[in-house]
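Residues per chain, in single letters:
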Amino acid sequence: MRIFTAALATETNTFSPICIDRRAFEESLYAPPGEHPETPTLCTAPITVGRKVCREKGWTLIEGTAAWADPAGLINRQAYESLRDEILDQLKAALPVDAVVMGLHGAMVADGYLDPEGDLLTRIRDIVGPDVLVCAELDPHSHLTAKRVAAADFFVVFKEFPHTDFVDRAEDLWAIAVDTLEGRVQPVMSVFDCRMIDVFPTSREPMRSFVDKLKAIEASDPDVLSLSVIHGFMAGDVPEMGTKTIAITNGKREKGEQLAQTLGLELYAKRGTFMMPSIDEKQAVSQALGLVRSGVSGPVVIADMWDNPGGGTAGDATVILEELLARGATHVAVGMIWDPIAVQICFAAGEGAEIPLRFGAKSAPGTGNPVDGLVTVVKLTPNAEMRFGDSIAPFGDAAHIRLSGIDIILSSVRVQSYDPSLFTALGLDPLEKDILVIKSTNHFYAAFSKIASEILYCSAGTPYPNQPATNPYRRVRRDIWPIMADPHGIEAA
Ligand SMILES: [Zn+2]
């Protein structure tokens, strides 16, 4: 067997002011054929798992380019087209092939392309013809367009959010591909449109039990090859945005359609109950100060949950910091605020210097105001990095400044706050602080829950379009919940 694999992925928040070009891919991950490292990144596990599978089978794996850019705004047209055509040319040169196994994210939007993955998969299908297997791994925060479903044989989607299972799902993808190529199964993909958009953390109920149930069905029903939920990505203003369920059966179309519908309507019935409850910045600071006064052991963590660079925002909002300053809070550390210009100024001033500085809130409306003050430059760390599980997340040259008893980390690379080691990288002991402010929606939880006395989810300002009922969409369909109360007409019936 000859199998072609490649990856092209990022997550586009169409409301984000941070547009990206080819250089943004090259800075995050750009691996020409054969040069992908041994360890996978989020959307490239089909390549590393494929190497192992093909080695064991004695098959030929032809690697194309792998490119990933950190989540941000619109992709430059030339950047998308050049990466797409690079992969398509590699595929043409690899022909004939028996299968194409792709690593995608599924939420790209490029200038001139509302559905880049649909465009890419359709062009792949046109090149290989109707009889060659085409499949891909997807992130659940994606848009499952009809064009994609028509072009591919099947998709396997990460089940967990946080995405701890991207390697496991790449193994599922390859297992189904191998069984298909060896004639044991005939995958049929069925999709149900839940006509809703929601956020589904699997670290809490009710989504935890739902994912466990999907796995139990997969393990017990021999007709079912794979079950997935496309959560949808509410920051992508595209026509087919929304939640969908996928059932892949072994040739049982009717059963797959029934199953996708039953599971999809179960999610629909629970709409609005999946997300953790959040509070605003005034409530968050009051609650945090109250907890500190009551003598909790360990820092109170305030998650600035929507100013999350992992969701494509700039990560420079100051709304919570302004509230803390207004309330005179001390023994607080903020990790972190993206401001490469302020970092440059701090590096020029040097450690120990006291300087007037303006920082934060420069990139988008709804993120508070730039903070002005006489700050002390406490520590400067070139090429700072923090841990993220078994890997490392760099956040560039970083400055630790102090203003009115609050320690603030300024970064020059946008990244969410994964781990308390971001503080120690700048000489701060997070355990010595009463309050830690971080920027992340959900990925921070695993590491910060180990040191926090309490975690407060704070929705501060409007850095991210997190209210689908009122987000200023131009292209999203109107007949989905919560834009419409009951689009399936179930409660009325
Ligand atoms: Zn995701």
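Residues numbered from 1 in each chain as written. Predicted model: local features only at pLDDT ≥ 70, side-chain atom pairs only at ≥ 80, totals over all residues. Heavy atoms only, no water.

This part takes up the packing of helix 9 (residues 281-293) against helix 10 (residues 319-326). Viewed as axis vectors pointing N to C, helix 9 and helix 10 meet at an angle of 50°, and their least axial separation amounts to 9 Å. Of the possible angle classes, the one that applies to helix 9 and helix 10 is oblique. Crossing angle aside, the handedness with which helix 9 passes helix 10 is right-handed. Contacts between helix 9 and helix 10 pair Glu281, Lys282 and Val285 from the former with Val319, Ile320, Glu323 and Leu324 from the latter. Of the residues that constitute the contact of helix 9 with helix 10, the class distribution is 4 nonpolar, no polar and 3 charged. (Axes fitted to C-alpha atoms, helices over the stretch in contact; angles between N-to-C directions. Helix = DSSP H or I, 4+ residues; strand = E, 2+ residues; numbered from the N terminus. Parallel < 35°, antiparallel > 145°, perpendicular 65-115°, else oblique. Left-handed = near helix turned anticlockwise from the far one by under 90°. Contact = heavy atoms within 4.5 Å. Nonpolar A, V, L, I, M, F, W, Y, C, P; charged D, E, K, R; others polar.)

A few words now on the coordination of the zinc ion. Around the zinc ion, the donor atoms from the protein are Asp139 (OD), Asp139 (OD), His141 (ND1) and His163 (NE2), and they sit 2.1 to 2.6 Å away. The site at the zinc ion holds 4 donor atoms, and with the angles between them running 53 to 145°, its shape is irregular. The sequence motif formed by the donor residues of the zinc ion is D-x1-H-x21-H. Both residues of the pair, Asp139 and His141, count as buried. (Donors = N, O, S within 2.8 Å, 3.2 Å for Na, K, Ca; no water. Tetrahedral: all angles 85-135°; square planar, octahedral: opposite > 155°, others 65-115°. Buried < 20%, exposed > 50% of the residue type's maximum accessible area, 1.4 Å probe, protein only.)

This brings us to the pairing of strand 4 (residues 99-104). Across the 6 residues of strand 4, 6 count as buried, placing the element largely inside the fold. Residue alternation in strand 4 divides its side chains into two sets, Ala99, Val101 and Gly103 and Val100, Met102 and Leu104, and both sets are buried. Pairing of strand 1 (residues 2-9) with strand 4, which is carried by 6 bridges, proceeds in the parallel orientation. By the bridge assignment for strand 4, Ala6 is matched with Met102. Sheet topology note: the strand 4/strand 5 (residues 133-138) ladder contains 5 bridges and is parallel. Note that in strand 5 the partner of Ala99 across the bridge is Leu133. (Pairing = 2+ DSSP bridges.)

Turning next to the packing of aromatic side chains. Throughout the structure, instances matching the rule amount to 9 aromatic pairs. For the ring pair Phe444 and Tyr445, a centre distance of 6.4 Å and an interplane angle of 70° mean the geometry is edge-to-face. Since its relative accessible area comes to 38%, Tyr445 is described here as partly exposed. Put simply, the rings of Phe444, Tyr445, Phe448 and Tyr457 pair up and form one aromatic cluster. The ring of Tyr268 has Arg271 lying over it, and the distance from NZ or CZ to the ring centre is 4.0 Å. (Phe/Tyr/Trp six-rings, centres within 6.5 Å; stacked < 30°, edge-to-face > 60°. Lys NZ or Arg CZ within 6 Å of the ring centre and 35° of its normal.)

So, about the sheet that holds strand 3 (residues 60-68). Read from one edge to the other, the open sheet built from 6 strands follows the order 2-3-1-4-5-6, with strand pairing classed as mixed. If you trace the sheet from one side to the other, it starts and ends with strand 2 (29-31) and strand 6 (154-157), each paired once. The sheet shows a mean angle of 20° between the axes of neighbouring strands, direction not considered. Bridge analysis of strand 5 against strand 6 gives 4 bridges, and the strand direction is parallel. In the strand pairing of strand 6, Glu137 is matched with Val156. Its contacts with the sheet put helix 3 (residues 77-94) on strand 1, strand 2, strand 3 and strand 4, and the angle it makes with strand 1 is roughly 175°. Along the sheet, helix 4 (residues 116-128) contacts strand 1, strand 4, strand 5 and strand 6; its crossing angle with strand 4, the most-contacted strand, is approximately 170°.

With that settled, the discussion passes to the sheet that holds strand 8 (residues 224-230). If you trace the 3 strands from one edge of the open sheet to the other, you get 7-9-8, paired in antiparallel fashion. Strand pairing shows two members of the sheet lacking a second neighbour, strand 7 (187-193) and strand 8, which therefore form its edges. Strand after strand, the sheet turns through a mean of 15° between neighbouring axes, direction not considered. Bridging between strand 8 and strand 9 (residues 244-250) involves 6 bridges; their strand directions are antiparallel. When the sheet's bridge partners are listed, Ser228 is paired in strand 9 with Ile246.

By themselves, these are just geometric observations and shouldn't be taken as functional.
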